[in-house]
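Chains, contacts and geometry: an overview
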Amino acid sequence: MAATTGSRTGGPDALGRFGSYGGQYVPETVMPALRELEDAFAAALADPAFHGELNGLLRDYVGRPTPLWHASRLSSRLPQGVRVYLKREDLCHTGAHKINNALGQALLCRRMGKTRVIAETGAGQHGVATATAAALFGLSCRVYMGRQDMERQALNVFRMRLLGTEVVQVDAGTATLKDALGEAIRDWVASVETTHYILGTAAGMHPYPWMVRELQAVIGREARAQVLEAERRLPEAAVACVGGGSNAIGLFAPFIPDAGVRLFGVEAAGHGLHTGMHAASLTAGRPGVLHGSLSYVLQDADGQVLNAHSISAGLDYPGVGPEHSALKDTGRATYLACTDAQALEGMRLLAETEGIIPALESAHAVGALPEICAGLPEGAVVVVCVSGRGDKDMPQVARIMGGGGKP
Ligand SMILES: *Cc1c(COP(=O)(O)O)cnc(C)c1O
């Protein structure tokens, strides 16, 4: 593996498992496509030309490396005299980390000689990232989206269409993300000769959790070098929000071999864990199969997958990537949950202290900082991933807080 791309830590085993999690719980018809993809990605990782092209795109198109900002005014509002550094994924082109993955997979699509990409999207952020990459590469692109989500995220539907993507409405089931994902897989099985399926997070069946982790590990690789440069030592903690888990595993992966760096993932506690209206799969779920992979899942006593709830559309998913499940069980990472109200407080705190308005997803990581920092040693250095910017959330937050900005 070239030194400039990848995570510097081991991936899954030969069966696509992280510990007992992950794998490929899929119909026989999908297996050839997954095997082809796994081989193509392994070959790309071993090819310096792939790294060269991807790194050029990340630099000149996405705007990497993203800065690591020493947030001194935010730090002064937190316990233990911590020194907080923000990894600014919100400054990426299209406003979030998802473009790192979409571009890498679009490049892979071209290497495989395919001309068409498809994707599923819930909030529309991954759909926009995929539509962007497809426009850049001249690939034909179709995005599946639940009817409910299309209504809630009309602006992102418009963005995708402006980028030349066909957005297909999914009416099946609950007409949300998990139904759109099923529809995308059906399309893929029928069109695999010409089509690559760009999955948007580090979840689902192997090889996606591994592939997305390697493509997002640029976050942690840059952050590790930047914090070493700024502090001349590694941080005590790295913190990120967890939906499917891609920005978190991207930040964590390069730090996993550094035993002294504690890893904190923050899930969405929604209205509160006791209400049942949340998206905290690791905190309140149990192992089960969802979207082709064994991982922690929100489910009822009969194993029926429950609907998730979060103020943040990007965290509103009842499953989580399998590597996080393994990191939870081994204790290498710690997962906690932040309510809608705490996330709004996190958004306000970061806005007022640093002049940075985070996405509602990222605001969960900020909202959990008082609790996380209280358990760290005096003077601890903490790296926090700001996975995206808050512009997309302003209409929703304004409705909740009211015009004066007070909740
Ligand atoms: C989609 C999204 C997330 C959640 O996805 P992960 O795969 O868990 O990173 C977090 N932050 C932003 C800004 C997003 O758009």
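Computed from a predicted structure; not experimentally measured.

Looking now at the pairing of strand E12 (residues 293-297). A regular strand carries its side chains on alternate faces of the sheet. With 5 of 5 residues buried, E12 is to be regarded as a mostly interior element. Linking two consecutive strands that pair antiparallel, namely strand E11 (residues 286-290) and E12, is a turn of 2 residues; a positive phi of about 50 degrees is found at histidine 291 within it.

Pairing is parallel in the open sheet, where 4 strands are placed in the order E7-E6-E5-E8. The strands lining the two open edges of the sheet, one partner per strand, are strand E7 (166-170) and strand E8 (195-197). Sheet twist, expressed as the mean angle between neighbouring strand axes with direction ignored, is 25 degrees. Both strand E5 (residues 116-121) and strand E6 (residues 140-146) contribute to a ladder of 6 bridges, which runs parallel. When the bridges of E6 are listed, valine 117 appears paired with cysteine 141.

Before going further, it helps to spend a moment on the packing of helix H5 (residues 125-137) against helix H7 (residues 154-162). For any two helices packed against each other, the geometry is given by the interaxial angle and the distance between the axes. At their nearest, the axes of H5 and H7 sit 9 Å apart, and the two run at 10 degrees to each other. For the element pair H5 / H7, the angle class is roughly parallel. Between H5 and H7, the residues in contact are Gln125, Gly127, Val128 and Ala131 and Asn156, Arg159 and Met160, respectively.

Once that is clear, we can look at the environment of alanine 280. In this fold, alanine 280 is placed in the loop between strand E10 (262-270) and helix H12 (281-284). Owing to a relative accessible area of 0%, alanine 280 belongs among the buried residues under this scheme. Remark: the alpha-carbon pair of alanine 280 and aspartate 316, spanning 36 residues in sequence, is separated by 9.1 Å. With near-sequence residues (within four places) excluded, alanine 280 lies in contact with Glu267, Ala268, Leu273, Gly285, Leu298 and Ala337.

Attention now goes to the packing of helix H4 (residues 98-111) against H5. One can describe the packing of H4 onto H5 by two numbers: an axis separation of 9 Å at closest approach and a directional angle of 40 degrees. With respect to their mutual orientation, H4 and H5 come out oblique. Crossing hand, H4 versus H5: right-handed. For the pair H4 and H5, contact is made by Lys98, Ile99, Asn101, Ala102, Leu103, Ala106, Leu107 and Arg110 and by Gln125, His126, Ala129, Thr130, Thr132, Ala133, Leu136 and Phe137, respectively. When its residues are assigned to classes, the contact of H4 with H5 shows 9 nonpolar, 5 polar and 2 charged.

How each quantity is defined
Residues numbered from 1 in each chain as written. Predicted model: local features only at pLDDT ≥ 70, side-chain atom pairs only at ≥ 80, totals over all residues. Heavy atoms only, no water. Buried < 20%, exposed > 50% of the residue type's maximum accessible area, 1.4 Å probe, protein only. Helix = DSSP H or I, 4+ residues; strand = E, 2+ residues; numbered from the N terminus. Pairing = 2+ DSSP bridges. Axes fitted to C-alpha atoms, helices over the stretch in contact; angles between N-to-C directions. Parallel < 35°, antiparallel > 145°, perpendicular 65-115°, else oblique. Contact = heavy atoms within 4.5 Å. Left-handed = near helix turned anticlockwise from the far one by under 90°. Nonpolar A, V, L, I, M, F, W, Y, C, P; charged D, E, K, R; others polar.

Shape descriptors only; they carry no functional weight alone.
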